[in-house]
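The chain contents come next:
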Amino acid sequence: MQETLVTPTLSVLSRSSITMQDRSSTAGQASSTGPQPSRPSVIPPPSKSKGWKSGANVRRMRRIIAEDPEWSLAIVPLLTELCIQHIVENFQNNPILKQLLPEHQQKVLNHLSPDLPLTVTANLIDDENYWRRCCMQRWPVCHVARHGGSWKRLFFERHLENLIKHFIPSTTDPAVILDLLPFCRNYVRRLCVDQFLPPVQLPLQPWNGELSDSGSEAEMEQPTGDHYQLRDLVAGLSHLEELDLVYGVKDCGMNFEWNLFLFTYQDCHSLAATIKACHTLKTFRLTRSKVDDDKARILIRSLLDHPALEELDLSHNLIGDRGARAAAKLLSHSHLRVLTLANNQVLTVNTTLTSINLSCNHIGLDGGKQLLEECYMGLEGGDRERPWISLRQAQPTPQALVPSTKGAFRVPSMSPCPSAAAHRSHISPRGHKRT
């Protein structure tokens, strides 16, 4: 191609040189012979080139061929852009961020990979856009409102929850979870774990008829069903406020066994010690874990006089009357505001109650109405004797609360109780005698 392009150029140069020679020779003859009549100079038309694209104009056939095929006329990047690119490429080995100007910091954060190790990014990067990219890459559905509106908090809470859900006792190294504490302790305020995996059950060896000296040796070698213990983890989370747990296995499929949903006594004692030592805990939920009366009493005993607990949820368990009495005791020894015992076995049937005495109490309108409705519904459809309800000194008058059915409840008058009035005339509210 180069030879084809050079040929027209040479032909043009030759024509121009011939023309100049003709002009010089003509001028020399004219000067030698004297003045002659001027004749117009005739320039021969340019001959058509027989090379590549012979019909094209000569000027359009000139080309510049670059030595680098990737060369372009783009502007050379600025030095700051080159430096930012170098920082991004080497951020894992040499993280430089705080030393940069704010506009340069933002450019670096926009180009950082979400796959960088947490040991580098946890305590260095606070930009919400970066943590948002990290969350959206791992979890397509993210409810940031449940995590205080912080993407960084959402990332660490869900990351820690996933580690706990997939922890296998006696198989997974506990350091996998505990090594994360220095990086997430300041951001985790809520843990919602709906799965605890049991230890791996090894297949039993076939019995060959020979027993050792200890007959229970085979039983002692069986792994226990205890799950991951949260004590060390919760002790390192200094800002934990909400703990929501479910002891069970999800998506077990054809491997379903009842022992996958056991909440053992060892789990119960360990969890009781954990929540007792967590003085920042405000909400504790333990649902769908087969918590019976004994385990409920162990847990509630550890929550007595808790300095921060405001909500307790033990719904969907096996708690009966004994567990309910323990929960009632907790109401007077804590700052509890919400207590949930739904779907348990608390006070299912009562066939012995014939009298209720709530005199000298400030039950109020709502309390008296609820009391009468519950008693009436409990007796509805039965032939038992209706109970005697005494509401002396209660407010307001209970006559307005009695159902319209004739003889539904026998409510005495609201005359003051003489003994109670006499007692209050001599005893102050604090129990000291008045002078």
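Scroll up for the structure.
All values derive from a computational prediction rather than experimental measurement.

Engineer: Outline unusual backbone geometry, supporting the account with residue identities and numerical values.
Structural biologist: Phi at Arg288 takes a positive value of approximately 50°, unusual for a residue other than glycine. Even without a glycine there, the phi angle at Asp305 is positive, about 60°. Counting through the fold element by element, Asp305 comes out in the loop between helix H12 (293-302) and strand E4 (311-313).

Engineer: Describe a positive patch on the surface, listing the residues and the values that go with them.
Structural biologist: There is a patch of like positive charges on the surface, built from Arg297, Arg301, Arg325 and Lys329. Among the secondary structure elements, those contributing two or more residues to the positive patch are H12 and helix H13 (321-331). Relative to the assigned elements, Lys329 resides in helix H13.

Engineer: Would you mind going over the packing of H12 against H13 in detail, with residue names and values included?
Structural biologist: Between H12 and H13, the shortest axis-to-axis distance is 8 Å and the interhelical angle comes to 15°. Relative to H13, H12 is oriented roughly parallel. The interaxial crossing formed by H12 with H13 has left-handed handedness. Residues Asp293, Asp294, Ala296, Arg297 and Ile300 of H12 pack against Asp321, Arg322, Gly323, Ala326, Ala327 and Leu330 of H13. A per-class count over the contact of H12 with H13 returns 5 nonpolar, 1 polar and 5 charged.

Analysis parameters
- Residues numbered from 1 in each chain as written.
- Predicted model: local features only at pLDDT ≥ 70, side-chain atom pairs only at ≥ 80, totals over all residues.
- Heavy atoms only, no water.
- Helix = DSSP H or I, 4+ residues; strand = E, 2+ residues; numbered from the N terminus.
- Patch = residues over 30% accessible without salt bridge, like charges linked within 9 Å, V, L, I, M, F, W, Y side chains within 5 Å.
- Areas by Shrake-Rupley, 256 points an atom, 1.4 Å probe, with all protein chains shown as cover.
- Salt bridge = Lys/Arg side-chain N within 4 Å of Asp/Glu carboxyl O.
- Lys, Arg positive; Asp, Glu negative; His and termini not counted.
- Charge placed at Lys NZ, Arg CZ, Asp CG, Glu CD.
- Axes fitted to C-alpha atoms, helices over the stretch in contact; angles between N-to-C directions.
- Parallel < 35°, antiparallel > 145°, perpendicular 65-115°, else oblique.
- Left-handed = near helix turned anticlockwise from the far one by under 90°.
- Contact = heavy atoms within 4.5 Å.
- Nonpolar A, V, L, I, M, F, W, Y, C, P; charged D, E, K, R; others polar.

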